[in-house]
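If you want the building blocks of each chain, they are given just below.
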Amino acid sequence: MRTLLKCAAPLAALLAAQPALAAAPAGDWQLVWSDEFTATTIDRTKWDFDVDCWGGGNNERQCYTDKVRNARVVAGKLVITARREPTTGPALPASQRPNPSDPGTLVKRDYSSARMVTRGKASWRYGRIEVRASLPQGQGTWPAIWMLPEKWVYGGWAASGEIDIMEAVNLGVPCQACSTGKEDTILGTIHFGKQWPGNVFASTSIHYPAVLKGYHTYAIEWTPDRIIWQVDGKTYATRTRNEWWSGGSSAPGAPFDQSFHLLLNLAIGGGLPESRGTGGVSTANFPKRFLIDWVRVWQKPMTTASTPPAVGGQTVAMAAPARQEGGK
C-alpha cells in the first residue's frame, strides 16, 4: 500500500492542476470534432491503438500496447504512460504484415507505452487542431502530437506527407543553451518530398521554458496555402505552400491537400532523443506520463472540403509506408 501511494502522488498532483481553459479561436471557426475525456474510459468510437514493437523505423525502445496500464482516462485527462518493463509484441505494425490480423514475428522490448490514432474513425482536410497537454520529462522521452495521411495517395512516407504539431525530447535534462539550464525545446515539423530515402523535412524548434510545468495548448492552423504552429496561442512557425512538394504529384499544395488523421504517442528512445541531451535513455523516474486534457478540431466553412482533389494519372498507394513514419 505504501508503494502504491508513493507512485500515485505525482500523478494526482498533475491531474489536480487546472490552468485556465483556452478560449475558442477568434473568427468563424466551427468545432467539428473533440474529445474532452469526460468519460471514465477511452472512447473507442474516436480512438484506436497501434499495437507493435516496431520502433517507428528509428530504433525506439518501446512496445506500443492497448492495455489500460499504458492508456486510460483519469479525472478528465487522457493518461498515456510509458513503463520500464519487459514487453513482447509484433515486430512490425499491422500495415507492414502480410496478414494484419496475424502478429507474425514477436520481439521483446524494455519499455511499454501507447500510440493512439483516429485513423479510420476521424480525419480532416484543413482546420485548426488543438491539444492541451502536460509533457513528461527525462532523457529519452519523446511525446508527440502529429498527423499522417488517411490514404497514402501520393505514395509511401514521406511522399504523402506528415504534419508534426508538437514534439519534444529530453525535457528537463541539463541544457547549456537553455535559459533555465534545463531542456525546454519544442518542435513543429512537416515531412514531404519523395518516398524514403528521398524524403525531406522543414522544422522549427523554439525554447519555451513554460513547457516544463503544467498544461499548454499546442496547435496548428492548416489552410490550402500555409500551415502555422502555435503554443498557447502564440505563433512560432509558418510554412507556405511553395516550401513543400511531393514526388507523387505536381499538384499545387500536394501532399498537404489530403485528409490526415491524428496520433498521440509517447516514445522512449530512438535516434532523435538518444543523440541529444545527455545521450541514450535514462532509466530514472519511471513511469513517464503524457497527460492530455482535451483535443479539439475546428474548421471554417470555406476550408471544410471533405473530398480531397482527385489524383489523376498516377498510381495510388493506399497502404502505410514500408519504412519509418517520421521517426515516431
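The next point concerns the pattern of salt bridges. One pass over the structure, following the stated rule, counts 13 salt bridges. The closest approach of N and O atoms between Arg119 and Asp50, which form a salt bridge, is 2.7 Å. Of this pair, Arg119 sits in the loop between strand 7 (115–117) and strand 8 (127–134) while Asp50 sits in the loop between strand 2 (48–49) and strand 3 (62–64); the two residues are 69 residues apart in sequence, bridging distant segments of the chain. For Arg119, a relative accessible area of 33% translates into the label partly exposed. Its relative accessible area of 9% is what places Asp50 among the buried residues.

Turning our eyes to something else, we now look at the state of the cysteines. By the definition in use, this model includes two disulfides. Note on cysteine connectivity: Cys175 is disulfide-linked to Cys178, with sulfurs 2.2 Å apart. Between Cys175 and Cys178 the disulfide shows an S-S torsion of about 70°. By sign, it is right-handed. By sequence-ordered numbering of the bonded cysteines, the protein has its disulfides arranged as 1-2, 3-4.

Attention shifts here to unusual backbone geometry. A cis amide bond links Trp157 to the next residue, Ala158, at an omega of 5°. Relative to the helices and strands, Ala158 resides in the loop between strand 9 (141–149) and strand 10 (162–167). Positive phi, normally seen in glycine, also occurs at Asn59, with a value near 65°. Along the chain, Asn59 falls in the loop between strand 2 and strand 3. Of note, Asn285 is a non-glycine position whose phi angle comes to about 60°, a positive value. Along the chain, Asn285 falls in the loop between helix 2 (271–274) and strand 17 (288–299).

It is worth spelling out the nonpolar core at this point. Counting 54 residues, the largest nonpolar core has Met147, Tyr218, Trp222 and Ile292 as the members making the most contacts within it. Residues contacting Ile292, with those up to four places away along its chain left out, are Phe37, Lys77, Leu78, Ile80, Val131, Arg132, Ala133 and Leu264. Of all hydrophobic cores here, the second largest spans eight residues; its members include Ala144, Leu148, Ala158 and Leu263.

The next subject is the side chain of Thr189. With respect to the helices and strands, the residue Thr189 is situated in strand 11 (residues 185–193). The class for Thr189 is buried, based on a relative accessible area of 3%. Separated by 2.7 Å, the side chains of Thr189 and Ser203 make a polar contact. Among residues more than four places away in sequence, those in contact with Thr189 are Glu162, Ile163, Asp164, Glu167, Phe201, Ala202, Ser203 and Trp229.

Right, let's talk about the packing of aromatic side chains for a bit. Counted under the stated rule, the structure contains nine aromatic pairs. With centroids separated by 6.4 Å and ring planes inclined at 25°, the aromatic side chains of Phe37 and Trp47 adopt a geometry described as stacked. Separated by ten residues along the polypeptide, Phe37 in the loop between strand 1 (30–35) and strand 2 and Trp47 in the loop between strand 1 and strand 2 bring together distant segments of the chain. A ring pair is formed by Phe256 and Phe260, whose centres lie 5.8 Å apart and whose planes are at 35°; its orientation type is tilted. Ring pairing ties together the aromatic residues Tyr126, Trp222, Trp244, Phe256 and Phe260, which thus form one cluster. The ring of Trp33 is capped by Lys46, whose NZ or CZ atom sits 5.7 Å from the centre of that ring. Between the NZ or CZ atom of Arg296 and the centre of the ring of Trp294, over which it lies, the distance is 3.7 Å.

A word on the sheet that holds strand 9. The strand order across the open sheet formed by seven strands is 2-7-16-9-10-11-12, and the pairing between neighbours is antiparallel. In the strand order of this sheet, the two ends are held by strand 2 and strand 12 (199–207), each with one partner.

Calculation criteria
- Residues numbered from 1 in each chain as written.
- Predicted model: local features only at pLDDT ≥ 70, side-chain atom pairs only at ≥ 80, totals over all residues.
- Heavy atoms only, no water.
- Salt bridge = Lys/Arg side-chain N within 4 Å of Asp/Glu carboxyl O.
- Helix = DSSP H or I, 4+ residues; strand = E, 2+ residues; numbered from the N terminus.
- Buried < 20%, exposed > 50% of the residue type's maximum accessible area, 1.4 Å probe, protein only.
- Disulfide = S-S within 2.5 Å.
- Core = buried A, V, L, I, M, F, W, Y, C linked by side-chain atoms within 4.5 Å.
- Contact = heavy atoms within 4.5 Å.
- Polar contact = N/O pair within 3.5 Å; in protein donor to acceptor, adjacent residues only side chain to side chain.
- Phe/Tyr/Trp six-rings, centres within 6.5 Å; stacked < 30°, edge-to-face > 60°.
- Lys NZ or Arg CZ within 6 Å of the ring centre and 35° of its normal.
- Pairing = 2+ DSSP bridges.

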